[in-house]
Amino acid sequence: MVTEKIRELYDRLTGISAGYAVFQRRENTDLVRQELAPVQEFVTWMMQDNPLCLDGELHGQACGDLLGVLRDMLEALRQDDKVLMHDAVEYGLLPYLRCFPEIPGKGGGPDDTV
């Protein structure tokens, strides 16, 4: 997966998460639904290519965790559960996206957070 795509996905999901948590925008399930294709691409890439070069057991645990995040996201969409969606994005997916150096605050790019 291209680093620019990771950065763009991170930026969009961070904006959705901040909109929900800070600005009380409650359309997060609809907004995340629009991001499902790049989320799926990222998760598939993480599981198939092991870009973090994790050892076998740790990579297996990360794959299981990512599948759990996807299950939570799909359940949130089915139930229109805005809290579950926020948790799945903020505490499930974003930490994996932050593992890459091009993400702000990780030393790879400018920190343009508010």
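Residues numbered from 1 in each chain as written. Predicted model: local features only at pLDDT ≥ 70, side-chain atom pairs only at ≥ 80, totals over all residues. Heavy atoms only, no water.

### Structural notes on the packing of helix α1 (residues 3-21) against helix α3 (residues 36-49)
Relative to each other, α1 and α3 sit at 130°, their axes nearing to 11 Å. Comparing the axis directions of α1 and α3 gives the class oblique. In the crossing of α1 with α3, the sense of the turn from one axis to the other is left-handed. Together, Lys 5, Ile 6, Leu 9, Arg 12 and Leu 13 of α1 and Pro 38, Val 39, Glu 41, Phe 42 and Trp 45 of α3 make up the contact between the two elements. Residues belonging to the contact of α1 with α3 are distributed by class as follows: seven nonpolar, no polar and three charged. (Axes fitted to C-alpha atoms, helices over the stretch in contact; angles between N-to-C directions. Helix = DSSP H or I, 4+ residues; strand = E, 2+ residues; numbered from the N terminus. Parallel < 35°, antiparallel > 145°, perpendicular 65-115°, else oblique. Left-handed = near helix turned anticlockwise from the far one by under 90°. Contact = heavy atoms within 4.5 Å. Nonpolar A, V, L, I, M, F, W, Y, C, P; charged D, E, K, R; others polar.)

### As for the pattern of salt bridges
Tallying each qualifying case throughout the model produces six salt bridges. The residue Glu 75 makes a salt bridge to Arg 78 at a minimum N-O spacing of 3.4 Å. Of the two residues, Glu 75 and Arg 78 are both situated in helix α4 (residues 56-79); the distance of three residues between them amounts to about one turn of the helix. Look at Glu 75 and you get partly exposed, because its relative accessible area is 29%. Linking Arg 98 and Glu 90 is a salt bridge whose minimum nitrogen-to-oxygen distance equals 3.6 Å. (Salt bridge = Lys/Arg side-chain N within 4 Å of Asp/Glu carboxyl O. Buried < 20%, exposed > 50% of the residue type's maximum accessible area, 1.4 Å probe, protein only.)

### Structural notes on the side chain of Asn 50
Here Asn 50 lies in the loop between α3 and α4. A distance of 2.9 Å separates a polar atom in the side chain of Asn 50 from the backbone oxygen of Leu 54. Setting aside residues up to four positions removed in sequence, Asn 50 forms contacts with Trp 45 and His 59. (Polar contact = N/O pair within 3.5 Å; in protein donor to acceptor, adjacent residues only side chain to side chain.)

### Quick notes on the confidence of the model for the protein
Residues with a pLDDT of 70 or more make up 89% of the protein, whose mean pLDDT is 88. Within the model, the stretch residues 106-114 combines pLDDT values under 50 with 13 contacts to residues more than four positions away or in other chains. (pLDDT = per-residue confidence, 0-100.)

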